[in-house]
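Inside the fold
Here's the letter readout for the chains.
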Amino acid sequence: MIRHRTRTLLLAGAVILGGTAQAEEKTLNVIMPWEGEGSIHVVGEEKILFSGEFNGIMYAENATGELDTAFAKCPAKQEINATSKQASAEGHCNIVVSAEDTVYAEWKCKGELGACKGSFTLTGGTGRFKGVTGSSDLTIRSVLSQVVIGMGDGSIVRAASGLAVLPELKYTLAAAE
């Protein structure tokens, strides 16, 4: 009789605990070719500010995962020192997986012209991505910063392009209740 009650209690506990899914960390290697546009502003003797956005499709290296082929729209600003050839950039991303499922992110990087290295952090989402967390190192490659040196204040860049690399995007979806 005691064994039967113990087994029943264990089974009931397993059913109750089984109703709560555990959050699982996932890892993707992501590349995102992008195109962008924006405006150039001379904000100091040697300081240039690019303000605009870039858009692209995120591709997971192994072509699987919830974020593979997601569309990303990323407003951004980049400061360029024309003398030292150093640059820093930061922005946000709205990553659309489906009409109901979106991921939000923030990023920042700095480095020499053409190679900006930094961090990419997931800050939340909607639908099945509500409560998502995660991050990765980030590398952005582009000739944009080299092109804008020498452009006049108020110039418009309509055809910037480059590549964003997230070599190890670790993310966790919120546990289902």
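These remarks concern the structure in this document. (Residues numbered from 1 in each chain as written. Predicted model: local features only at pLDDT ≥ 70, side-chain atom pairs only at ≥ 80, totals over all residues. Heavy atoms only, no water.)

1. Considering the pairing of strand 3 (residues 70-81)
- Residues A70, A72, C74, A76, Q78 and I80 line the buried face of strand 3, whereas the alternating positions F71, K73, P75, K77, E79 and N81 sit on a face that is not buried.
- Relative to strand 3, strand 2 (residues 47-60) runs antiparallel, the two being bridged by 12 bridges. Counterpart to N55 in the pairing with strand 3 is K73.
- Where strand 3 folds back onto strand 4 (residues 86-96) in an antiparallel hairpin, the turn is made up of 4 residues, including K85, whose phi is positive at roughly 65 degrees. (Buried < 20%, exposed > 50% of the residue type's maximum accessible area, 1.4 Å probe, protein only. Helix = DSSP H or I, 4+ residues; strand = E, 2+ residues; numbered from the N terminus. Pairing = 2+ DSSP bridges.)

2. Considerations on the environment of K26
- Mapped onto the elements of the fold, K26 is located in strand 1 (residues 25-42).
- Once residues within four sequence positions are removed from consideration, K26 is found in contact with E66, L169, K170, Y171 and L173.
- Reaching out from K26, the side chain makes a polar contact with the side chain of E66 at a distance of 2.6 Å. (Contact = heavy atoms within 4.5 Å. Polar contact = N/O pair within 3.5 Å; in protein donor to acceptor, adjacent residues only side chain to side chain.)

3. What to know about the pattern of salt bridges
- Applying the stated criterion across every chain, the model contains 5 salt bridges.
- One salt bridge in this structure joins K77 and E90, with 3.8 Å as the shortest N-O distance. With a gap of 13 residues between them, K77 in strand 3 and E90 in strand 4 connect regions that are remote in the sequence.
- Classification of K77 by relative accessible area gives partly exposed; the value is 38%.
- Note that D101 is salt-bridged to R128, the shortest N-O span being 3.1 Å. Linking D101 in the loop between strand 4 and strand 5 (102-112) with R128 in the loop between strand 6 (115-126) and strand 7 (133-142), this pair joins segments that are 27 residues apart in sequence. (Salt bridge = Lys/Arg side-chain N within 4 Å of Asp/Glu carboxyl O.)

4. Things to note about the packing of aromatic side chains
- Following the criterion strictly, the structure yields 2 aromatic pairs and no others.
- Summarising the aromatic geometry, the rings of W34 and F54 are spaced 4.9 Å apart at their centres and angled 40 degrees between planes, so their arrangement reads as tilted. Within this pair, whereas W34 is found in strand 1, its partner F54 is found in strand 2, the two being separated by 20 residues in sequence.
- Using a relative accessible area of 6% as the deciding quantity, one classes W34 as buried.
- In this structure an aromatic cluster arises from ring pairing among W34, F54 and W107. (Phe/Tyr/Trp six-rings, centres within 6.5 Å; stacked < 30°, edge-to-face > 60°.)

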